[in-house]
Amino acid sequence: NIKNSVMAKEENGSKPVMNGRLVPIGPNGLVDETYGGYHISYEVKKLMPTNKPADQQKNGKMEVGIADDQAKDFDFAKTEMKYDSTGMFHWTPARSIEDCILDRNQAAMTVLNGHVVVCLFADPDSPLIGLRNLVMPLRASNFHYHELKHVVIVGAVDYIRREWKTLQNLPKISVLNGSPLSRADLRAVNVNLCDMCVILSAKVPSNDDPTLADKEAILASLNIKAMTFDDTIGVLNQSSNAPDAMSPLGSPIVLHRKGSVYGSNVPMITELVNDSNVQFLDQDDDDDPDTELYLTQPFACGTAFAVSVLDSLMSTTYFNQNALTLIRSLITGGATPELEIILAEGAGLRGGYSTPDTLSHRDRCRVGQISLSDGPLATFGEGRKYQDLFVASLRNYGMLCIGLYRLRDAALTTVDATSKRYVITNPPFDFGLLPTDQVFVFIHWNKRQSTSQ
C-alpha cells in the first residue's frame with residue numbers, strides 16, 4: 001500500500017502521520033481512504049495563487065494560499081443550490097417519494113390554497129407520459145420562489161413512483177395516493193380552492209371504441225362539476241388584530257379567500273385523446289356535436305385540451321420559425337438549447353451554484369393575467385379600445401398584451417349568468433373593452449423592476 005509506505009511514526013506516540021498531520025485509521029488498520037482525497041484537494045487549493053492586491057503581497061511576491069475565488073465556495077455544505085445548472089428552473093436536492101406522499105388526513109390538515117391539482121389516471125404498468133413536462137414550466141426561474149404554486153398529484157403512487165426520478169428535483173410537489181374519482185380525496189386536497197385542476201390519463205385506450213378512450217377523464221370532470229362545497233371555510237391567516245377575529249384556539253384569523261361553492265366554478269382543464277369527445281364535457285353546452293374542436297365552448301374557455309393541438313403547433317413552427325420563441329415562452333417556461341441537450345441525454349435536472357451568468361437567465365418575460373376591474377389598467381375597462389390598452393401597457397409598464405379573457409355572459413345580469421370565460425387572441429385594434437375583462441400579457445419577471453423602468 002503506497003499510502004502506508006510514505007507514513008512515518010512520531011517518536012512520542014506510535015500514530016501514523018502524513019506531512020506532519022495525524023492520519024485517521026480505518027477499522028482494518030489501514031489509512032482511511034476518504035482522507036487522502038480530501039487531503040490532496042486541500043493541498044492543491046493551498047498551492048494556488050490568490051488574487052489579493054499588490055499591497056497585501058509579501059516582499060512583492062505572490063502569496064500562496066487558498067485561491068480567493070475558491071475560498072468563497074470552500075464550504076460546499078453551506079452553499080445552497082436554488083436553480084438548475086442552466087439557471088432556467090428552480091431546483092431542490094433530490095427527495096424520496098415517501099417524503100412527499102400525503103394521506104387523506106395529512107392533505108386535509110395542510111389547508112392547501114391557490115395550488116395546482118393534477119388528477120392522474122394510470123395503471124402501474126401504463127406508459128410514462130412525462131409529468132416533468134407539465135411541472136417544469138410551473139418551476140421556471142422567472143417566478144420568485146414564493147410565487148411557485150404547490151402541485152398535488154392525485155393518483156396511483158405505484159405509477160407516480162416510476163415518474164418520480166424526473167420530478168424529485170422540482171420543489172413544492174406532493175402526492176396523494178388515491179383516486180381522482182374519489183370525492184373524499186378531492187375534498188382532502190381542497191380542489192375548490194385550487195387555481196387549476198388538470199385531468200390527465202396515462203392509460204392506453206382500447207381499439208374497440210375510440211369514444212371510450214376519454215371516459216375516465218370525462219367522468220372525473222363531470223364528477224367535480226357536480227360537487228358542492230361549504231362556502232364558510234376559507235384560509236386561516238394570522239394577519240388580523242381585531243379582538244373578535246379569534247379562532248377557537250386563540251389565534252387571529254381572517255377569511256383570506258372563499259373557494260368555489262359549486263364544482264362547476266372550479267378552474268379545470270381536461271386532456272382528451274379524441275376530439276369528438278369534447279361534446280361530453282359541458283352539460284349546458286348547446287354546440288352541434290359535429291362542430292370542430294377549436295369552435296367548441298370548452299376549447300374556447302380553456303377547459304379542454306386535445307392532443308391534436310400539438311399537430312397545429314408543429315405545423316405553425318414549420319412555416320414560421322419565429323413562432324417557436326413565442327411557443328417556448330408560453331409552453332416550456334423558456335427552455336434553452338443547453339437544457340434540452342441535458343434532458344435529451346437523460347441526465348435530468350442538475351443543481352448549479354448561482355453565478356451572475358446563471359442568474360441572468362431569470363431575466364426573461366413570463367405570462368401574466370391583469371384585471372381591468374382594478375389596478376393601474378382599470379381606466380381602460382370603461383369603454384376604451386384595445387389599441388389604447390396595448391400602447392399604454394407597452395409604453396408605461398413594459399407589458400405586451402396578447403389577448404383578452406372575457407366573461408361568456410358579460411352582458412347578462414340575471415341569475416342565469418355564468419362565471420365562464422373565453423379567450424380572445426389578438427383582438428382587432430378597435431375592439432371594445434369591458435371592466436370585467438382580464439388581459440393576457442407578457443410581463444417582466446421582476447414586477448418591481450419593470451414598474452420602476
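Structure: above.
Here's a quick rundown of the structure. (Residues numbered from 1 in each chain as written. Predicted model: local features only at pLDDT ≥ 70, side-chain atom pairs only at ≥ 80, totals over all residues. Heavy atoms only, no water.)

1. Side note on the packing of aromatic side chains
Each aromatic ring pair is specified by the distance between its two centres and by the angle formed by the two planes. The cut-off we apply is this: Stacked, tilted and edge-to-face are the three classes assigned to paired rings of Phe, Tyr and Trp, where Trp is represented by its six-membered ring and a pair needs centres within 6.5 Å; plane angles under 30 degrees give stacked, over 60 edge-to-face, the rest tilted. Charge-over-ring contacts are defined here by two conditions on Lys NZ or Arg CZ: a distance within 6 Å of the ring centre and an angle within 35 degrees of the ring normal.
Considering all chains together, one arrives at three aromatic pairs under this definition. The ring of Tyr 145 has Lys 172 lying over it, and the distance from NZ or CZ to the ring centre is 4.5 Å.

2. Topic: the sheet that holds strand β6 (residues 116-121)
The strands that make up a sheet pair up through hydrogen bonds in the backbone, lying either parallel or antiparallel. Cut-off, in case you're wondering: In this description, strands pair whenever DSSP reports at least two bridges between them. In this text, helices come from DSSP runs of H or I with a minimum length of four residues, and strands from runs of E with a minimum of two, each type numbered from the N-terminal end. Residue contacts are defined here by distance: any two heavy atoms, one from each residue, within 4.5 Å place the two residues in contact. For every element, the axis is a line fit to its C-alpha atoms; helices are fit only across the contacting stretch, and the angle between N-to-C directions ranges from 0 to 180 degrees.
The seven strands lie next to each other as β5-β8-β7-β6-β9-β10-β11, forming an open sheet whose pairing is parallel. In this open sheet, the two edge strands, each paired with only one partner strand, are β5 (101-102) and β11 (304-306). Judged from the three bridges that link them, strand β10 (residues 268-272) and β11 form a sheet pairing that is parallel. Looking at the pairing, Leu 272 lines up with Ala 306 of β11. Across the sheet, helix α9 (residues 215-225) lies against β6, β9 (196-201) and β10, angled at about 165 degrees from β10, the strand it touches most.

3. Things to note about the side chain of Ser 221
Using the following cut-off: Residue exposure (1.4 Å probe, protein chains only): buried if accessible area is under 20% of the type maximum, exposed if over 50%, otherwise partly exposed.
In this structure, Ser 221 sits in helix α9. Taking relative accessible area as the criterion, Ser 221 reaches 1% and is therefore assigned buried. Aside from chain neighbours lying at most four places away, what touches Ser 221 is Ile 199, Met 268, Thr 270 and Leu 281.

4. Here we look at unusual backbone geometry
Trans peptide bonds make up most of the peptide bonds, and negative phi angles are found at most residues other than glycine. Residues other than glycine seldom take positive phi values, yet Asn 190 does so here, at roughly 55 degrees. Its location among the elements puts Asn 190 in the loop between α8 (183-188) and β9. Here Asn 190 falls in the buried class, since its relative accessible area comes to 14%. One non-glycine residue with positive phi stands out, namely Asn 426, at about 45 degrees. Its location among the elements puts Asn 426 in the loop between β15 (421-425) and β16 (438-443). Look at Asn 426 and you get exposed, because its relative accessible area is 62%.

5. Let's talk about the pattern of salt bridges
Note the following rule: Definition used for salt bridges: Asp or Glu carboxyl oxygen within 4 Å of a side-chain nitrogen of Lys or Arg.
Scanning all chains against the criterion turns up eleven salt bridges. Residue Asp 123 pairs with Lys 203 through a salt bridge whose shortest N-O separation is 3.7 Å. With Asp 123 in the loop between β6 and α6 (132-135) and Lys 203 in the loop between β9 and α9, the pair connects residues that are 80 residues apart, well separated along the chain. Under the relative-accessibility criterion, Asp 123 is labelled partly exposed at 32%. Take Lys 203: its relative accessible area is 28%, and that puts it in the partly exposed class.

6. Let's talk about the packing of helix α11 (residues 308-319) against helix α12 (residues 323-331)
Note the threshold: Three classes are used: nonpolar for Ala, Val, Leu, Ile, Met, Phe, Trp, Tyr, Cys and Pro, charged for Asp, Glu, Lys and Arg, and polar for all others, with Gly counted as polar.
One can describe the packing of α11 onto α12 by two numbers: an axis separation of 8 Å at closest approach and a directional angle of 145 degrees. Residues Leu 313, Thr 316 and Thr 317 of α11 lie in contact with α12, whose contacting residues are Ala 323, Leu 324, Ile 327 and Ile 331. In terms of residue class, the contact of α11 with α12 is built from five nonpolar, two polar and no charged.

7. A few points about the environment of Ala 213
Structurally, Ala 213 can be placed in the loop between β9 and α9. Given the relative accessible area of 23%, Ala 213 is considered partly exposed. In this structure the C-alpha to C-alpha distance between Ala 213 and Asn 274, which are 61 residues apart in sequence, comes to 7.1 Å. For Ala 213, the contacting residues outside a window of four places in its chain are Pro 205 and Val 273.

8. Remarks on the environment of Asn 265
In this fold, Asn 265 is placed in the loop between α9 and β10. By relative accessible area, Asn 265 is classed as partly exposed at 36%.

These values are about where atoms sit, not about what they do.
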